[in-house]
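# Fold and contact review
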Protein chains: 2
Amino acid sequence: MDERSALGLIADRLEPAGDDAAIVDGLVVTIDMLHESTDFPVGTTRYTAGWRAVGASLSDVAAMGAEPTAAVAVYGAPTFDGAEITAFVDGARDVCAAVDGAYVGGDLDEHEEFTVATAAVGRTDDPVLRSGASPGDIVCVTGTLGRSAAALGLFETGEYERANDLFRFEPRVGAGRALAPYASAMMDSSDGLARSLHQLAEASDVGFAVESPLPIDEALEEVTAPEERQEVAVSFGEDFELVCTIPPENLDAAREASPTRLTSIGRVTADGEITLDGEPLADRGFTHGESA
Amino acid sequence: MDERSALGLIADRLEPAGDDAAIVDGLVVTIDMLHESTDFPVGTTRYTAGWRAVGASLSDVAAMGAEPTAAVAVYGAPTFDGAEITAFVDGARDVCAAVDGAYVGGDLDEHEEFTVATAAVGRTDDPVLRSGASPGDIVCVTGTLGRSAAALGLFETGEYERANDLFRFEPRVGAGRALAPYASAMMDSSDGLARSLHQLAEASDVGFAVESPLPIDEALEEVTAPEERQEVAVSFGEDFELVCTIPPENLDAAREASPTRLTSIGRVTADGEITLDGEPLADRGFTHGESA
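The structure displayed is predicted, hence computed values, not measured ones.

## Focus on the sheet that holds strand β2 (residues 27-35) of chain B
Residues and elements named next belong to chain B. Spatial strand order, β1-β2-β5-β3-β4: five strands in an open sheet with mixed pairing. Whereas interior strands pair on both sides, the edge strands pair on one side only; in this sheet they are β1 (22-24) and β4 (102-110). Mean inter-strand twist for the sheet, computed between neighbouring axes without regard to direction, equals 20°. Sheet topology places strand β3 (residues 67-77) next to strand β5 (residues 115-123); nine bridges connect them, and they run antiparallel. In the strand pairing of β5, Y75 is matched with V116. On the sheet, helix α4 (residues 82-98) packs against β3, β4 and β5 and is oriented at approximately 150° with respect to β4.

## Concerning the sheet that holds strand β5 (residues 115-123) of chain A
Residue and element names in this part refer to chain A. What the five strands build is an open sheet, ordered β1-β2-β5-β3-β4; its pairing is mixed. Whereas interior strands pair on both sides, the edge strands pair on one side only; in this sheet they are β1 (22-24) and β4 (102-110). Averaged over all adjacent pairs, the angle separating strand axes in this sheet is 20°, with direction ignored. As paired elements, β1 and strand β2 (residues 27-35) share three bridges and run antiparallel to each other.

## Brief notes about the interface of chain A and chain B
With 54 residues of chain A at the contact, the number on the chain B side is 53 residues. Summed over both partners, the interface of chain A with chain B buries about 4,800 Å², with 69% contributed by carbon and sulfur atoms. Along the contact surface separating chain A from chain B lie six residue pairs in polar contact (both at pLDDT 80 or more). Residue assignment for the side of chain A that touches chain B shows that the elements contributing at least two residues are α1 (3-13), β1, β2, β3 (67-77), α4 (82-98), β4 and β5 of chain A. Classifying every residue of the side of chain A that touches chain B gives 28 nonpolar, 13 polar and 13 charged.

## Some thoughts on the UniProt feature "binding site: substrate" (unreviewed entry) in chain A
All names here are of chain A. This chain's UniProt record puts "binding site: substrate" (unreviewed entry) on D39, E238 and F286. By the secondary structure assignment, D39 is in helix α2 (residues 36-39). Taking relative accessible area as the criterion, D39 reaches 4% and is therefore assigned buried.

## Comments concerning the domain arrangement of chain A
In many reports, interface size means the accessible area that the parts give up when they come together. Residue and element names in this part refer to chain A. Each domain of chain A was delimited in the assignment, giving domain 1 (3-123) and domain 2 (138-280). On a C-alpha basis, the centres of domain 1 and domain 2 stand 21 Å from each other. If you look at the interface, domain 1 gives 25 residues, while domain 2 gives 21 residues. Buried surface at the junction of domain 1 and domain 2, both sides included, amounts to about 2,100 Å², of which 59% is carbon and sulfur. In this structure, the connection of domain 1 to domain 2 is made through two salt bridges. A salt bridge links R177 to E67; the shortest N-O distance between them is 3.7 Å. Listing elements by their share of the side of domain 1 that touches domain 2, those giving two or more residues are α3 (46-63) and β3. A total of eleven residues in the side of domain 1 that touches domain 2 trace back to one element, the largest contributor, which is α3. The residue inventory of the side of domain 1 that touches domain 2, partitioned by class, reads twelve nonpolar, seven polar and six charged.

## Examining helix α10 (residues 226-235) of chain A
Residue and element names in this part refer to chain A. Turning to α10, its buried residues are R229, A233, V234 and S235. On its buried side, α10 packs onto α8 (193-204), α9 (220-223) and β11 (274-276). Positive backbone phi, at 80°, marks G237, one or two positions downstream of α10.

## Structural notes on the packing of aromatic side chains
The geometry of an aromatic ring pair comes down to the distance between the two centres and the angle between the two planes. Residue and element names in this part refer to chain A. Scanning all chains against the criterion turns up 14 aromatic pairs over all chains. On the numbers, 6.4 Å between centres and 45° between planes, the contact of Y47 with W51 is tilted. Here Y47 and its partner W51 are both found in helix α3, four residues apart, which amounts to about one turn of the helix. Overall, the relative accessible area of 24% leaves Y47 in the partly exposed class. Consider the rings of Y75 and F88, whose centres lie 5.0 Å apart with planes at 70°: the pair is edge-to-face. Within this pair, whereas Y75 is found in strand β3, its partner F88 is found in helix α4, the two being separated by 13 residues in sequence. Each member of the pair, Y75 together with F88, is buried. Three or more aromatic residues joined by ring pairs make a cluster, and in this case those are F40, Y75, F88 and F114.

## Here's the deal with the side chain of E113 of chain B
Residue and element names in this part refer to chain B. Looking at where E113 falls in the secondary structure, it is placed in the loop between β4 and β5. Here H35 takes part through its side chain, which lies 2.8 Å from a polar atom of the side chain of E113. Among the polar contacts listed, one links the side chain of E113 to the backbone nitrogen of E36, at a separation of 3.3 Å.

## Description of the pairing of strand β10 (residues 262-269) of chain B
Residues and elements named next belong to chain B. Within β10, six of the eight residues are buried, leaving the element largely enclosed by the surrounding structure. Summarising the sheet, strand β6 (residues 138-142) and β10 pair through five bridges and their orientation is antiparallel. Opposite V139, over in β10, you have G266 as the bridge partner. Sheet topology note: the strand β8 (residues 207-210)/β10 ladder contains four bridges and is antiparallel. Each residue of the ladder has a partner; that of F208, found in β10, is V268.

## Things to note about the relation of the copies chain A and chain B
Of the transformation superimposing chain A on chain B, the axial component is 0.0 Å and the angular component is 180°, with the fit at an RMSD of 0.0 Å. This pairing of chains is accounted for by a two-fold axis. Interface overlap between copies is the fraction of interface residues in one copy that are interface residues in the other; for chain A against chain B it reaches 98%, indicating a shared surface.

## Some thoughts on unusual backbone geometry
Along the chain, S212 of chain A connects to P213 of chain A via a cis peptide bond; the corresponding omega equals 0°. Backbone geometry at D25 of chain B places phi at a positive 50°, although glycine is not the residue there. Secondary-structure assignment places D25 of chain B in the loop between β1 and β2. We note that D100 of chain B has phi near 60°; this positive angle belongs to a residue other than glycine. Structurally, D100 of chain B can be placed in the loop between α4 and β4.

## Points about the packing of helix α5 (residues 147-156) of chain B against helix α6 (residues 160-167) of chain B
Residue and element names in this part refer to chain B. At a minimum axis distance of 8 Å, the contact between α5 and α6 shows a crossing angle of 160°. It follows that α5 is roughly antiparallel to α6 by the angle criterion. Once α5 is placed against α6, the crossing between them reads as left-handed. Mapping the contact onto sequence places R147, S148, A150, A151, L154 and F155 in α5 and Y160, R162, A163, N164, D165, L166 and F167 in α6. Split into classes, the residues belonging to the contact of α5 with α6 amount to eight nonpolar, two polar and three charged.

The rules behind these values
Residues numbered from 1 in each chain as written. Chains lettered and ligands numbered in written order. Predicted model: local features only at pLDDT ≥ 70, side-chain atom pairs only at ≥ 80, totals over all residues. Heavy atoms only, no water. Pairing = 2+ DSSP bridges. Helix = DSSP H or I, 4+ residues; strand = E, 2+ residues; numbered from the N terminus. Axes fitted to C-alpha atoms, helices over the stretch in contact; angles between N-to-C directions. Contact = heavy atoms within 4.5 Å. Buried area = accessible area lost by both parts, 1.4 Å probe. Polar contact = N/O pair within 3.5 Å; in protein donor to acceptor, adjacent residues only side chain to side chain. Nonpolar A, V, L, I, M, F, W, Y, C, P; charged D, E, K, R; others polar. UniProt positions renumbered as here; feature names shortened; annotations may be inferred. Buried < 20%, exposed > 50% of the residue type's maximum accessible area, 1.4 Å probe, protein only. Domains from an automatic or database assignment. Salt bridge = Lys/Arg side-chain N within 4 Å of Asp/Glu carboxyl O. Phe/Tyr/Trp six-rings, centres within 6.5 Å; stacked < 30°, edge-to-face > 60°. Least-squares fit on C-alpha atoms with pLDDT ≥ 70 in both. Parallel < 35°, antiparallel > 145°, perpendicular 65-115°, else oblique. Left-handed = near helix turned anticlockwise from the far one by under 90°.

Okay, here's the thing in structure tokens:
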């Protein structure tokens, strides 16, 4: 069974599942697991790992339009090296500080493969779900796409310092909160824009007509041939930007409110099709354990 | 660096660390990671794994005297088998239902080793910390000690059904909430009674004089020689009982309030020594990756 079918199985057994985070009484709760073979390329520092792992959970909180309250992490590794653990905790703490959240603690686990689990808790009285998009809404994305793909290319060529810089993304908490009053649906792009659109389409029972140019990260120019850039930006994922839909009358206000650049990339349609420049956009993306 | 020194390093960098769960604005948050090589013996069903993993986080909430609000889990495995995932989710859901908590969702991760991360969130306005014990208080333990050690023995002899039954503990949420108004300090016994006493002693700057007989689980009789039982019950851990200290004037009321049997096993002392029947009780216990 592939990961997506299996996730469907979980969702079927749990009513509240199916968004970036679970919601209980105004609390949002999310948990993630990242590990060396699929998430931390050779050259990833422990500081970056701590930042990125906790950032992934904060991104889920952001995608609900919620305010992060606290994050925790478990650091699993074959050996406990003081400098590595300190760097990891510093990264975890710094990414929380960057979004006014609190990194409040964690645990250790002796594990054959470097494996990190993170959880974050947030608050919102009015979560933005994946299911609220309506035909005619504008689909928007924060920041740029392809940044993590660029980082991976730089890890492969040994440019570790720049790769680590690119790998430490800022969770879009400020944007998520600013967009919440205006957005009809929202999620993060951790599985890639293409897959995010398919998931929003399924949850909202709509389609999407997306038009280039897309906001592609400049760093992708260094590691990808021109003709491949858009494909990589759309399908690679792991960027942790927000993908949201906004009724046209809210667009100007949303753009003004967002602390992060918000790019309109198309429209919500009624026909259920998902297209990029008029061509079908396949439901492909980064799934852990599959290639991008 | 061993796990305990490394945890000290984390605590040094994070003010709120050092209890069973972190506390932020009346919320308690905890995260745990369990995996096949150290936590799930051959014969452990996925249902038991889901129950036990989520139960471990609920136990941390219980140890703060808090009410669990929600729990989440990540299921990491080499392959996603529908029946196994369903069983895992059912176990997670059932342990939450057993303590009036809500299992609200989770995620999947393709991982070479079966690895589970769980987080739980709870609420309390008046958390019970490890640091409140005073000389003269009575030290008590809920339930029995040695149940998980007995389960492990039964897994080794292939008595999987009984082993699984013993491995599915009831998190002491009801007892934790009932004892909270009376207890001066509390934690769970997940690392074993001996280690719990040493941790409480360090946090409260006290000692403990513990006297046998201890409430040893009957099941331990089947797998352990009589002369070893007390040692195993004291040091093996993984039982997820509550260890607490209670001022003598509160003891009767605490016992009456607790839905789980509460056994008085000794007294808090001022001398910093930790003794069992007058002999020093070493700070030994189950640490992941070490032998019991």
